[in-house]
Amino acid sequence: MSEVKLAASIRTEFGKGAARRVRRDNRVPGVLYGHGTDPVHLTLPGHELLLALRTPNVLLSLDLEGKNELAIPKAVQRDPLKGHLEHVDLLLVKRGEKVTVEVPVVAEGELAAGGNLLEHVLNSLPVEAEATHIPESFTVSVEGLEAGASVLAKDIALPSGVTLAVEEDAVVLQVLAAQAEEPAAEAAEGEEAAEA
């Protein structure tokens, strides 16, 4: 996983008005916390942060007024209509430290013939990994799986140093049989008979 370097500055103004002024300057208000330290209120460059957050669990190298800090995103608030960033909570991490994160699960391949459906029971898999080596995603092959088959958490190959933070028997993906629909003509006849 690569680090994304961002220049951050400490915030001294708080409240809605101050946050709006920060956003008008194309910056995002945020909070950096962790390791028993006091929370640090900061602002980050809006566009660069938006690009960085496209990678799940991205490692951010913050230049906080001359001091370098490593952080991962913990909570991101977006405007529900426009989609731009409103606020971000960052968790302070150190090299070699283990953190618990959710890593997206990506299914690839074709299911067995017959109109089967793939259900993502877990869209992401909770794992514990070193902060500087968090996987971007887990790819799972569903090639040829039949209805009733499922992929459990223990079936997913994890890189070295990564452990599950969920039960091994937790269902991640399952294959469902397609539901057969009644033909429209039979349903209409059934309704006429019921009315008589």
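Everything below is about the structure printed above this text.
Remember, predicted model here, so these are calculated numbers, not experimental data. (Residues numbered from 1 in each chain as written. Predicted model: local features only at pLDDT ≥ 70, side-chain atom pairs only at ≥ 80, totals over all residues. Heavy atoms only, no water.)

Caption draft 1: Geometry of the overall build of the protein. For the protein, the helix and strand inventory stands at three helices and 13 strands. Radius of gyration (C-alpha) of the protein: 23 Å, far over the 16 Å computed for a compact globule of 196 residues. Counting all 196 residues of the protein, 35% fall into the buried class. Taking as baseline every contact in the protein between residues at least 6 positions apart, the subset at least 24 positions apart corresponds to 63%. Computed over 17 positive and 32 negative side-chain charges, the separation of the two mean positions in the protein equals 20 Å. (Helix = DSSP H or I, 4+ residues; strand = E, 2+ residues; numbered from the N terminus. Rg over C-alpha atoms; globule rule 2.2 N^0.38 Å. Buried < 20%, exposed > 50% of the residue type's maximum accessible area, 1.4 Å probe, protein only. Contact = heavy atoms within 4.5 Å. Lys, Arg positive; Asp, Glu negative; His and termini not counted. Charge placed at Lys NZ, Arg CZ, Asp CG, Glu CD.)

Caption draft 2: The arrangement of the pattern of salt bridges in detail. Taken as a whole and judged by the stated rule, the model has two salt bridges. Taking the shortest distance from any N to any O, the salt bridge between Lys67 and Glu69 comes out at 3.3 Å. Notably, a salt bridge pairs Lys154 with Asp169, separated by 3.4 Å at the nearest N-O pair. With Lys154 in the loop between β11 (150-152) and β12 (163-164) and Asp169 in the loop between β12 and β13 (171-176), this residue pair connects regions lying 15 residues apart in the sequence. (Salt bridge = Lys/Arg side-chain N within 4 Å of Asp/Glu carboxyl O.)

Caption draft 3: Up close: the nonpolar core. The biggest cluster of nonpolar side chains holds 24 residues, and the ones touching the most others in it are Ile72 and Leu125. Per-element tally for this core: the top contributor is strand β7 (residues 98-108), with four residues. Leave out the neighbours within four places in its chain, and Ile72 touches Val58, Leu59, Asp89, Leu90, Leu91, Val93, Val99, Val101 and Ile134. (Core = buried A, V, L, I, M, F, W, Y, C linked by side-chain atoms within 4.5 Å.)

Caption draft 4: Seen up close, the side chain of Ser61. In this fold, Ser61 is placed in strand β4 (residues 59-64). Taking relative accessible area as the criterion, Ser61 reaches 10% and is therefore assigned buried. Once residues within four sequence positions are removed from consideration, Ser61 is found in contact with Glu3, Val4, Lys5, Leu6, Glu69 and Leu70.

Caption draft 5: Layout of the sheet that holds strand β3 (residues 37-45). Spatially, six strands are ordered β1-β3-β2-β6-β5-β4 in a closed barrel, and the strand pairing comes out mixed. The sheet shows a mean angle of 45° between the axes of neighbouring strands, taken without regard to direction. Strand direction decides the pairing type here: strand β1 (residues 3-10) and β3, joined by two bridges, are antiparallel. For Ser9, the partnering residue across the bridge sits in β3 and is Thr43. Packed onto the sheet, helix α1 (residues 16-24) meets β2 (27-34), β3 and β6 (85-93) and runs at close to 115° relative to β2. (Pairing = 2+ DSSP bridges. Axes fitted to C-alpha atoms, helices over the stretch in contact; angles between N-to-C directions.)

Caption draft 6: Inspection of the environment of Leu32 at higher detail. Within the secondary structure, Leu32 is located in strand β2. A residue is classified by how much of its surface remains accessible, and Leu32, at 4% relative accessible area, is buried. As a C-alpha pair, Leu32 and Lys74 span 42 residues in sequence and 9.6 Å in three-dimensional space. Aside from chain neighbours lying at most four places away, what touches Leu32 is Asp38, Pro39, Val40, Leu42, Leu62, Leu64, Glu69, Ala71, Leu90, Leu91 and Leu92.

Caption draft 7: Structural view of the environment of Ser150. With respect to the helices and strands, the residue Ser150 is situated in strand β11. Classification of Ser150 as partly exposed rests on a relative accessible area of 37%. With 20 residues separating them in the primary sequence, Ser150 and Ala170 have C-alpha atoms 10.0 Å apart. Those residues within four positions of Ser150 in sequence are excluded, and the remaining contacts are Asp155, Val171, Leu173 and Gln174.

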